[in-house]
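What the coordinates show
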Amino acid sequence: MKNYRFYFIILFLPSLLIGCVETNILDRVGLVTLVGYDVGKEERMATTSAVREVNPEFQSNVEVVTTENSTSKGNRVKTNRKLSKKVVVGQMRVVLFGEELAKDDIHRYIDAHLENPTVSNSLYMAVAAPLLEYEYQNIDDIGQHIFRLLEQNIDQENMISSTLHEVGRDLYSEGEDIFMPIIKKEEELVELSGIAIFKNGKMVSSLRPEDTFYVKLIGGNYKSGTFETILTKEEIPDDLMKNKPDEIPLAFDAITSEKELKLINKNTPEFDLNITIKTRLTEIYPDVNIGDPKTVKKLEEAISKNLSREISRVIAYCQSVESDIFAFGDKYRSSVRNSKLTKEKWHELYKNMKVNVKVDLTILRSGVFE
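Throughout what follows, the structure given in this document is the object of discussion. Small disclaimer: the values here were computed from a predicted structure and weren't measured.

A closer look at the overall build of the chain
Scanning the chain from terminus to terminus reveals 10 helices and 13 strands. When burial is assessed residue by residue, the chain has 47% of its 370 residues classed as buried. Intrachain contacts of the chain at a sequence separation of at least 6 include 66% that bridge at least 24 residues. For the chain, the exposed surface amounts to about 20,300 Å²; the carbon and sulfur share of it is 49%.

Structure (structure tokens):
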């Protein structure tokens, strides 16, 4: 008899545990896919949420709700008061920050999401001008649309990645600053319009979307992607072709790269940055004799110098606003024993940092059409 009681208890306990778990039935909840934060009236927090609601017939519609409160939790309560279904954030894919808020400080917002166990670390973060209050005729779900916009451009390496995990890691790193894509409204569409760069959690400036290529080359290894550049008349070798044009536009794809960063002077500080690139030339105008190895060699050298100059420009600009989005500080900290590096100390050193950039580009093959 005792054995029967024991087995009964063993079988009965899981049913009690299951009964304690809160369940969310799809047609009874509103799924938040995107949240936008901005400065509200009287310095209160303004939150705009894109909420997808599914009805019993599995048809869905998206509600865009804006509320103001002192905290994100308070805004969620207010959002619930405006909807017929309970709001849940487990499906949230994107967090947007208004530019005014981003220039103030976004520490608390990042912390709030890092501390929320129901929020995925893989959600994207970006800076955006007002987007959600508009009605887009060709966009049914603005939250899902912005998520796909970010996802496909990051996968294609046309834009930097800024997931919650990456932003949180860089925010609390002593030798690195955070950066995020910038999204803006363009007529009836939304587009990626640049890169927001931060210092100590505050947006201090921005880079062009075209500078994504240089940022990715400096920060890590390229694995694919496409790129285009223009050789000016001064950069074109005199003996490259008979009639030297004012410029030569070039397009590449199948880009792979490796970087080597070495600290050579800890006092300045000074780094050697060597970047090796292998790529395919897919477009060039006017026509250049790509079949001639000597011509290809001259072209590779000219492009390498062009990229070295552009990379140096991007680094110098970020130094001018004291934003180290490239993690030079982390390399410094790992190379200098007992550096006791802090963000404040590194930003002082970073302003006068010197980087010797050398790019070695190799054209693997050309004339291949997709």
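The structure having been displayed, the exposition proceeds.
What to know about the pattern of salt bridges
Counting across every chain of the model gives 20 salt bridges. A salt bridge links K103 to E99; its shortest N-O distance comes to 3.2 Å. Separated by 4 residues within a single helix, K103 and E99 lie in helix α3 (residues 99-104), roughly one turn from each other. Several salt bridges converge on common partners, so that one network encompasses R208, D211, E235, R309, E310 and R313.

Remarks on the pairing of strand β5 (residues 94-98)
A large share of β5 lies buried, amounting to 5 of its 5 residues. In β5, alternate side chains face the same way, and those of V94, L96 and G98 on one face and V95 and F97 on the other are all buried. Here strand β1 (residues 29-39) pairs with β5 via 4 bridges, running parallel. Bridge assignment links L34 to a residue of β5, and that residue is V94. As judged from the 5 bridges shared by β5 and strand β6 (residues 124-128), these two strands associate in the parallel manner.

Comments concerning the side chain of S205
Take S205: it is sitting in strand β9 (residues 202-207). Side chain to side chain, S205 and Y317 meet in a polar contact 2.3 Å long. If near-sequence neighbours (up to four positions away) are discounted, S205 is found in contact with I195, A196, I197, Y317 and V321.

Quick word on the pairing of strand β11 (residues 247-265)
Examined bridge by bridge, strand β10 (residues 226-232) and β11 share 7 bridges and lie antiparallel to one another. Residue pairing for β11: F227 is matched across the bridge by F252. Of the strand pairs in this sheet, β11 and strand β12 (residues 270-284) are connected by 13 bridges, and their pairing is antiparallel. The residue bridging D253 from the neighbouring strand is R280, located in β12. Linkage of β11 to β12, two consecutive antiparallel strands, is achieved through a turn of 4 residues.

Description of the nonpolar core
Ranked by size, the top nonpolar core spans 73 residues in total, and within it I311, I315, F326 and F328 carry the most contacts. With 9 residues, the single largest contributor to this core is helix α8 (residues 293-320). Not counting the four nearest positions on each side in its chain, F326 is found in contact with V215, I218, V314, I315, C318 and Y350. In terms of nonpolar packing, the next biggest core, distinct from the first, is built from 30 residues, L83, V89, Y109 and I182 among them.

Comments concerning the packing of aromatic side chains
As enumerated under the stated definition, the model contains 12 aromatic pairs in all. Seen from their ring centres, F97 and Y109 are 6.1 Å apart, and the 70 degrees between their planes marks the pair as edge-to-face. With F97 in strand β5 and Y109 in helix α4 (residues 107-114), the pair connects residues that are 12 residues apart, well separated along the chain. The burial state of F97 is the same as that of Y109; both residues are buried. The structure contains a cluster of three or more aromatic residues connected by ring pairs, namely F213, Y214, Y222 and F227. Over the ring of Y109 we find R108; its NZ or CZ atom is 5.4 Å from the centre of that ring. In this structure, K216 is placed above the aromatic ring of Y222, and the distance from its NZ or CZ to the ring centre is 5.7 Å.

Here is what the cut-offs are and how they apply
Residues numbered from 1 in each chain as written. Predicted model: local features only at pLDDT ≥ 70, side-chain atom pairs only at ≥ 80, totals over all residues. Heavy atoms only, no water. Helix = DSSP H or I, 4+ residues; strand = E, 2+ residues; numbered from the N terminus. Buried < 20%, exposed > 50% of the residue type's maximum accessible area, 1.4 Å probe, protein only. Contact = heavy atoms within 4.5 Å. Areas by Shrake-Rupley, 256 points an atom, 1.4 Å probe, with all protein chains shown as cover. Salt bridge = Lys/Arg side-chain N within 4 Å of Asp/Glu carboxyl O. Pairing = 2+ DSSP bridges. Polar contact = N/O pair within 3.5 Å; in protein donor to acceptor, adjacent residues only side chain to side chain. Core = buried A, V, L, I, M, F, W, Y, C linked by side-chain atoms within 4.5 Å. Phe/Tyr/Trp six-rings, centres within 6.5 Å; stacked < 30°, edge-to-face > 60°. Lys NZ or Arg CZ within 6 Å of the ring centre and 35° of its normal.

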